Amino acid sequence: MIQGFLKPYCNNKKKGYGDTSMKRIGMLTSGGDCQSLNATMRGVVKGLQELVAGGVEIYGFENGYKGLIYGNYRKLSGKDFSGILTTGGTILGTSRQPFKQMRVPDENGLDKVEAMKSTYRYLKLDCLVILGGNGSQKTANLLREEGLNIVSLPKTIDNDLWGTDMTFGFQSAVDLATEAIDCIHTTAASHNRVFIVELMGHKVGWVTLHAGIAGGADIILIPEIPYDIRHVISALERRKEQGKGFSILAVAEGAISKEDSELSKKEYKEKLKNRVYPTVGYELAAQIEAMTDFEVRVTVPGHTQRGGQPCPFDRVISSRLGVKAAELIAAEDYGKMVSMKGYEITTTPLGEVAGKLKYVSPDSDIVKQAKHLGISFGD
Ligand code: F6P
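This write-up is about the structure you can find in this document. (Residues numbered from 1 in each chain as written. Predicted model: local features only at pLDDT ≥ 70, side-chain atom pairs only at ≥ 80, totals over all residues. Heavy atoms only, no water.)

Quick word on the sheet that holds strand 1 (residues 23–29)
- Read from one edge to the other, the open sheet built from seven strands follows the order 3-2-1-4-5-10-11, with strand pairing classed as mixed. Each end of this open sheet is capped by a strand with a single partner; those strands are strand 3 (73–76) and strand 11 (344–349). Each adjacent strand pair in this sheet contributes to an overall mean axis angle of 30°, direction not counted.
- When strand 2 (residues 56–61) meets strand 3, the two strands line up antiparallel, connected through four bridges. Across the sheet, the residue bridging to I58 is L76, located in strand 3.
- Against the sheet, helix 1 (residues 37–51) engages strand 1, strand 2, strand 4 (127–132) and strand 5 (150–154), with an angle of about 175° to strand 1. (Pairing = 2+ DSSP bridges. Helix = DSSP H or I, 4+ residues; strand = E, 2+ residues; numbered from the N terminus. Axes fitted to C-alpha atoms, helices over the stretch in contact; angles between N-to-C directions. Contact = heavy atoms within 4.5 Å.)

Considering unusual backbone geometry
- One non-glycine residue, N63, lies in positive phi territory at about 60°.
- Note on placement: N63 falls in the loop between strand 2 and helix 2 (65–70).
- The backbone phi angle of N192 is positive, close to 55°, even though this residue is not glycine.
- Relative to the helices and strands, N192 resides in the loop between helix 5 (170–191) and strand 6 (194–199).

Considering the site of the ligand
- In the vicinity of the ligand, the residues found are R96, I157, D158, M200, G201, H202, E253, H303 and R306.
- Within the side chain of D158, one N or O atom sits 2.6 Å away from an oxygen atom of the ligand.
- For the ligand, an oxygen atom lies 2.5 Å from a polar atom in the side chain of E253.
- Out of a free accessible area of 400 Å², the ligand has 72% covered by protein chains. (Near = heavy atom within 4 Å. Polar contact = N/O pair within 3.5 Å; in protein donor to acceptor, adjacent residues only side chain to side chain. Areas by Shrake-Rupley, 256 points an atom, 1.4 Å probe, with all protein chains shown as cover.)

Section: the pairing of strand 1
- Burial analysis of strand 1 places six of its seven residues in the buried class, the great majority of the element.
- Examined bridge by bridge, strand 1 and strand 2 share five bridges and lie parallel to one another. The residue bridging I25 from the neighbouring strand is I58, located in strand 2.
- Of the crossover connections in this fold, the one passing from strand 1 over helix 1 to the parallel strand 2 is right-handed. (Buried < 20%, exposed > 50% of the residue type's maximum accessible area, 1.4 Å probe, protein only. Right-handed = clockwise from strand over helix to strand, strands pointing away.)

Some details on the pattern of salt bridges
- Within this structure, the stated rule accounts for 17 salt bridges.
- Of the charged contacts in the structure, one is a salt bridge between E114 and K117, with a shortest N-O distance of 3.0 Å. Of the two residues, E114 and K117 both sit in helix 3 (residues 112–122), three residues apart, roughly one turn of that helix.
- Residue class for E114 comes out partly exposed when judged on its relative accessible area of 40%.
- Note on K117: relative accessible area 9%, which makes it buried.
- For the salt bridge of D218 with R239, the shortest nitrogen-to-oxygen distance reads 2.9 Å. Note that D218 is positioned in the loop between helix 6 (206–214) and strand 7 (219–221) and R239 in helix 7 (residues 229–241), a separation of 21 residues in sequence. (Salt bridge = Lys/Arg side-chain N within 4 Å of Asp/Glu carboxyl O.)

A few points about the packing of helix 6 against helix 13 (residues 365–372)
- Their axes nearest at 11 Å, the elements helix 6 and helix 13 cross at an angle of 35°. The interaxial crossing formed by helix 6 with helix 13 has left-handed handedness. For the pair helix 6 and helix 13, the contacting residues are L209, H210 and I213 in the first and I366, V367 and A370 in the second.
- Here the contact of helix 6 with helix 13 is composed, by residue class, of five nonpolar, one polar and no charged. (Left-handed = near helix turned anticlockwise from the far one by under 90°. Nonpolar A, V, L, I, M, F, W, Y, C, P; charged D, E, K, R; others polar.)

Quick notes on the packing of aromatic side chains
- The tally for this structure, following the rule as stated, stands at three aromatic pairs.
- Relative to Y73, the ring of Y59 has its centre 5.9 Å away and its plane inclined at 75°; by these criteria the two rings are edge-to-face. Placement of the pair is Y59 in strand 2 and Y73 in strand 3, with a sequence separation of 14 residues.
- Plain terms: the ring middles of F61 and Y73 are 6.0 Å apart, the flat faces sit at 65° to each other, and that makes the pair edge-to-face. Note that F61 is positioned in strand 2 and Y73 in strand 3, a separation of 12 residues in sequence.
- Overall, the relative accessible area of 0% leaves F61 in the buried class.
- Y73 gets classed as buried once you look at its relative accessible area, which sits at 3%.
- What links up through ring pairs into an aromatic cluster is the set Y59, F61 and Y73. (Phe/Tyr/Trp six-rings, centres within 6.5 Å; stacked < 30°, edge-to-face > 60°.)

So, the sheet that holds strand 6
- Across the sheet, four strands lie side by side as 7-8-6-9; this open sheet has parallel pairing. Pairing within the sheet leaves two strands with one partner each, and these edge strands are strand 7 and strand 9 (296–299). Mean inter-strand twist for the sheet, computed between neighbouring axes without regard to direction, equals 20°.
- When strand 7 meets strand 8 (residues 247–252), the two strands line up parallel, connected through three bridges. Directly across from I219, in strand 8, lies its bridge partner L249.
- Of the strands in this sheet, strand 6, strand 8 and strand 9 are in contact with helix 5, which crosses strand 6 at around 170°.
- Sheet strands in contact with helix 10 (residues 280–291) are strand 6, strand 7, strand 8 and strand 9, and its direction is about 160° off that of strand 6.

Here's what the structure looks like:
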C-alpha cells in the first residue's frame, strides 16, 4: 500500500451545496487505457475542490479494480492532478479485470466483490469514481447493487458505451487513425497500390467509420456491416476503371464477412483459432491478391491509437464530464454514469448502461452519407 499526503482543500463559502462535511472519494481507471483519462480525473478533482465545502480526500486505487480488491491505493493531493491535462495514459495505472470473473474467487479463494466492499468501508469512502468502458461499467453497476455509492465516467476509444453519444478517448483515437490513413495516402498513390489500414474495434466500427471518412478511404469495413469479398473487389475494379491507380481500405479489426456472420459465436471463435493470417487485414490482403492483379499492403497502427496526448476536443469533454461527476458527488446523487447527449453533459442511470453496447447502425445517416460519397462498405 502506498500512502501519499493529502492536504484537504477547503474553499470559501461560495458553494452551491449545503453539505459542509469532508468527503472521502475513491477513484480508479479500469480496462484498456485511452488518451484522456488523466484530464478526466483532473476535472473531477478540480470540480470537487470547488464544490465540496468541507474539503475532499482522494484515494487513488492502483491498476483498476485490482487496487480496490487487494487494497493497493494511495492518498492523493491536489498536486497529483496538476500538469496532467495533456498527458496520455493514467496516473493510477489500469488493468483488465473481466466482469465475468468478478464473482469467481481468486487463486487464494478471496471473494473479490466482498474484498472491494471491505476496502471501500475500511477507507470510509463516501463515493467511488470509476472511469471505464463496457466491462468496467458492468462491475460499477454490480458494486452499486451491492450498496456502494458510485459515479462512473465513460472511457473508451471504441465509443461503444450505451447511454452516451460520445466517450472520451474516441476523438483522440480517430485523430491518430486518420493521421495513419493520411500518411498511407501519399505512399499508396505513388506506388499505385491497394492499402489496408486495420484499425481498432473488435465489436464496433466507430473509429474505423470516422477515420475512414476523415481520411478519404475508398472502402470501409466494420463489424456491424458484414462484407462480401466480391463486392470489395468490384469496388477496387471500379476505381481502376475510373483511372484511379490506388485504393485505401479502412478495416476494423472485427470486420467480418457475410459468410462468417452467419456462423454461431462458438463456430466463429473456432474458425478464428485456425485462421492462418494474424488478423482480418492480412486475410483480406491475401484474398484480394489471389483474386486480382492488385499489389496489396497492410498497415496496423494498433495501440498507437490509444497512445500519446489527448486531442483538444477530448480535453474539453473530459474536463466537463469530470466536473459533472463532482457536481453529482457534491449533491450526493449516486448510481449514475456521466454521459453526453449531443454536446450536452448529462447522466444515465448505471443500471441502464450496464451490459449494452452502442453499435453503428447500418441504416444511420452517417453510413448513408458515406455511401453517397462513393465509399463502399462491401455489403
Ligand atoms: O477497448 C479498447 C481497445 O483498444 C479495443 O479497440 C481493442 O480491440 C482492445 O482494446 C485491445 O485490447 P488490449 O489492449 O487488451 O490488447
